[in-house]
Each structure stands twice: as C-alpha cells, then as structure tokens.
Amino acid sequence: SQQGEEDPQALSIQEGENATMNCSYKTSINNLQWYRQNSGRGLVHLILIRSNEREKHSGRLRVTLDTSKKSSSLLITASRAADTASYFCAMSERDSSYKLIFGSGTRLLVRP
Amino acid sequence: SAVISQKPSRDICQRGTSLTIQCQVDSQVTMMFWYRQQPGQSLTLIATANQGSEATYESGFVIDKFPISRPNLTFSTLTVSNMSPEDSSIYLCSVPIDREYEAFFGQGTRLTVV
C-alpha cells in the first residue's frame, strides 16, 4: 500500500471564495473518503464516494472521482473562516478494504 | 456513529521510557486501528488491533516497539516503548463504522519525547 498525494500542500483563500483540493492515488479502491483535521486533533469524516460514483454533494462540499485517472477532488464552496483546517483524502483499497491509506494532506487557511 | 475516548490527550516523556495510550469506544467493534502522525505529516497506520488475537502490524512497525492490547470489543491500548525524540508524534485510534469502513477517530494523543 502507499500514501496518496494531495495538492496543493497549502491553500490560502479569502472568506467566501471556493477551495479546491486534489488527491491522486495508485491502487484500485472500493471508496475514497475525505477527512478534516483541526489543529492536529482527531479527524472528522466529511464525505465518502464509492468507486462506481463520479460526483457527490454534501452541503457546501462537492467531491468528484475519476477512477480512470485515479484522482479525486474536494470543492468547498463559499468558504468560511471555520473551514480553516487540514484536509486529507483516504483510500479504502480493494484488496484490504478495512484499511485506510491517507493522502499527504492540504492545509487550508480561510482569511476572514 | 461512535464516541471514542482517547487518553492521555498529551504527554511529555523522557527518552527511554514508555507510554501507554488508551482508547475506549462506546460500542462494540471488531477492529480498532492505531495511527501515527508525525509533525506536519499525514497519518500512517501502525497496526490493526483484533480482539482475541495478536495485533497485525504494518511494514516498519514491530510489536516490541508498539505493543498493543485488545482485551475486549470496546477497548485497546498502544504502548510506545523505549521512546526517543523521533517518536514525538500524534497517535490516533480509530474504528470503522459500517461496511464501507468510514472511520471515526479519537482526539489523538500528542506525544513529545525529550
């Protein structure tokens, strides 16, 4: 197994703008999940997209998945200062679905 | 969902000593996972704690360094043994909920070894 790659590593935007984070991986997956981590604390699950899905929405979050390119993106619309956090993608691999392999993370700063 | 209580939340330890981290879940779960997050890095899976059997360790992690106990379906401990400054990290336990393995995390233990 291997870690996924995310870009950008860091993102700074103004409140109200949209934030887009990208995740790439190498193996076959069952699903891909996105998590948020505030100030080095525990992770909070945001959204899950299955390998047979292409797009999913949850509130201000929009996730896309392109299994042919082995990539996913997370869009946060109308960002708020409270969205400031680190965001990680995590892959549930097909061969060992109970394990999550995490991406390298994107640090998002939303300026008020 | 699940509520996970992890203790301690943080500690500063002397090199050469050991620290045991506890993870308590409010429901019975088959698997519990332990992760390490080194400063500024992502999460790396240390091991899977299975009730009634030995933990399964990932490449690069060994039982002598990170012994794990899993006495029942709601509790697990991870010990970081013979610590060095390189062990300074956040350690997190997590449990999968539902068949798609969405994970719930404890709040983490921030360990500093001096």
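Above this text sits the structure in question.
Each value, and the rule that gives it
Residues numbered from 1 in each chain as written. Chains lettered and ligands numbered in written order. Predicted model: local features only at pLDDT ≥ 70, side-chain atom pairs only at ≥ 80, totals over all residues. Heavy atoms only, no water. Pairing = 2+ DSSP bridges. Helix = DSSP H or I, 4+ residues; strand = E, 2+ residues; numbered from the N terminus. Axes fitted to C-alpha atoms, helices over the stretch in contact; angles between N-to-C directions. Phe/Tyr/Trp six-rings, centres within 6.5 Å; stacked < 30°, edge-to-face > 60°. Core = buried A, V, L, I, M, F, W, Y, C linked by side-chain atoms within 4.5 Å. Buried < 20%, exposed > 50% of the residue type's maximum accessible area, 1.4 Å probe, protein only. Contact = heavy atoms within 4.5 Å. Buried area = accessible area lost by both parts, 1.4 Å probe. Salt bridge = Lys/Arg side-chain N within 4 Å of Asp/Glu carboxyl O. Nonpolar A, V, L, I, M, F, W, Y, C, P; charged D, E, K, R; others polar. Disulfide = S-S within 2.5 Å.

A. How the structure looks around the sheet that holds strand 7 (residues 61-66) of chain A. Residue and element names in this part refer to chain A. Here we have five strands laid out as an open sheet, ordered 1-3-8-7-6, and antiparallel in their pairing. Each of the sheet's edge strands pairs with one partner strand only, and the pair in question is strand 1 (5-7) and strand 6 (55-58). In this sheet, adjacent strand axes meet at a mean angle of 15° when their direction is disregarded. As paired strands, strand 1 and strand 3 (residues 19-24) are joined by three bridges and run antiparallel to one another. Across the sheet, the residue bridging to Glu6 is Cys23, located in strand 3.

B. Here's a closer look at the packing of aromatic side chains. One pass over the full model with this rule turns up seven aromatic pairs over all chains. Each ring, one from Phe61(B) and one from Phe66(B), has its centre 5.6 Å from the other, and the planes form 65°; the classification is edge-to-face. Among the aromatic residues, ring-to-ring pairing joins Tyr35(A), Phe102(A), Tyr35(B) and Phe105(B) into one connected group.

C. Main features of the nonpolar core. Core analysis: the biggest nonpolar cluster contains 28 residues, and Trp34(B) and Val95(B) have the highest contact counts within it. Each residue touching Val95(B), except ones within four places of it in the same chain, is listed here: Ala2(B), Ile4(B), Val25(B), Val29(B), Met31(B), Met32(B), Glu102(B), Ala103(B) and Phe104(B). Within the second largest apolar cluster, 22 residues are counted, among which are Ile13(A), Ile47(A), Ile49(A) and Met91(A).

D. Focus on the interface of chain A and chain B. Residue-level contacts link 21 residues of chain A with 22 residues of chain B. Approximately 1,900 Å² of surface area, both sides summed, lies buried where chain A meets chain B, with 49% of it carried by carbon and sulfur atoms. Our enumeration of links across chain A and chain B arrives at one salt bridge. Of all the elements in the fold, those that place two or more residues in the side of chain A that touches chain B are strand 4 (29-37), strand 5 (43-50) and strand 10 (100-102) of chain A. Its residues placed into classes, the side of chain A that touches chain B shows seven nonpolar, 11 polar and three charged.

E. Local environment of the sheet that holds strand 3 (residues 19-25) of chain B. All names here are of chain B. Across the sheet, which stays open at both edges, the four strands sit in the order 1-3-8-7 with antiparallel pairing between neighbours. Both edges of this open sheet fall to strand 1 (4-7) and strand 7 (68-72), since each of them pairs with a single strand only. With strand direction ignored, the average angle separating the axes of adjacent strands in the sheet is 15°. Note: strand 3 against strand 8 (residues 75-80), six bridges, orientation antiparallel. Bridge pairing in strand 8 places Gln22 opposite Thr77.

F. View of unusual backbone geometry. Cis geometry is found at the peptide bond from Asp7(A) to Pro8(A), where omega equals -5°. Here Pro8(A) lies in the loop between strand 1 and strand 2 (10-14). The peptide bond linking Lys7(B) to Pro8(B) adopts the cis configuration, its omega dihedral lying at -10°. The topology assignment puts Pro8(B) in the loop between strand 1 and strand 2 (10-13). Unlike most non-glycine residues, Ala78(A) shows phi in positive territory, near 45°. With respect to the helices and strands, the residue Ala78(A) is situated in the loop between strand 8 (71-76) and strand 9 (85-93).

G. Region of the structure containing the state of the cysteines. Counted according to the given criterion, the structure contains two disulfides over all chains. Across the disulfide, Cys23(A) is cross-linked to Cys89(A) (sulfur-sulfur distance 2.0 Å). The disulfide joining Cys23(A) to Cys89(A) has a torsion of about 70° about its S-S bond and is therefore right-handed. Placement of Cys23(A) in strand 3 and of Cys89(A) in strand 9 is noted, with a sequence separation of 66 residues between them. What makes Cys89(A) buried here is its relative accessible area of 0%. A disulfide bridge connects Cys23(B) with Cys93(B), and the sulfur atoms are separated by 2.0 Å. Between Cys23(B) and Cys93(B), the S-S dihedral sits near 75°, and the bridge is therefore right-handed. Remark: Cys93(B) occurs in strand 9 (residues 89-97) and Cys23(B) occurs in strand 3; sequence separation between them is 70 residues. The exposure class of Cys23(B) is buried, given its relative accessible area of 0%. By relative accessible area, Cys93(B) is classed as buried at 0%.

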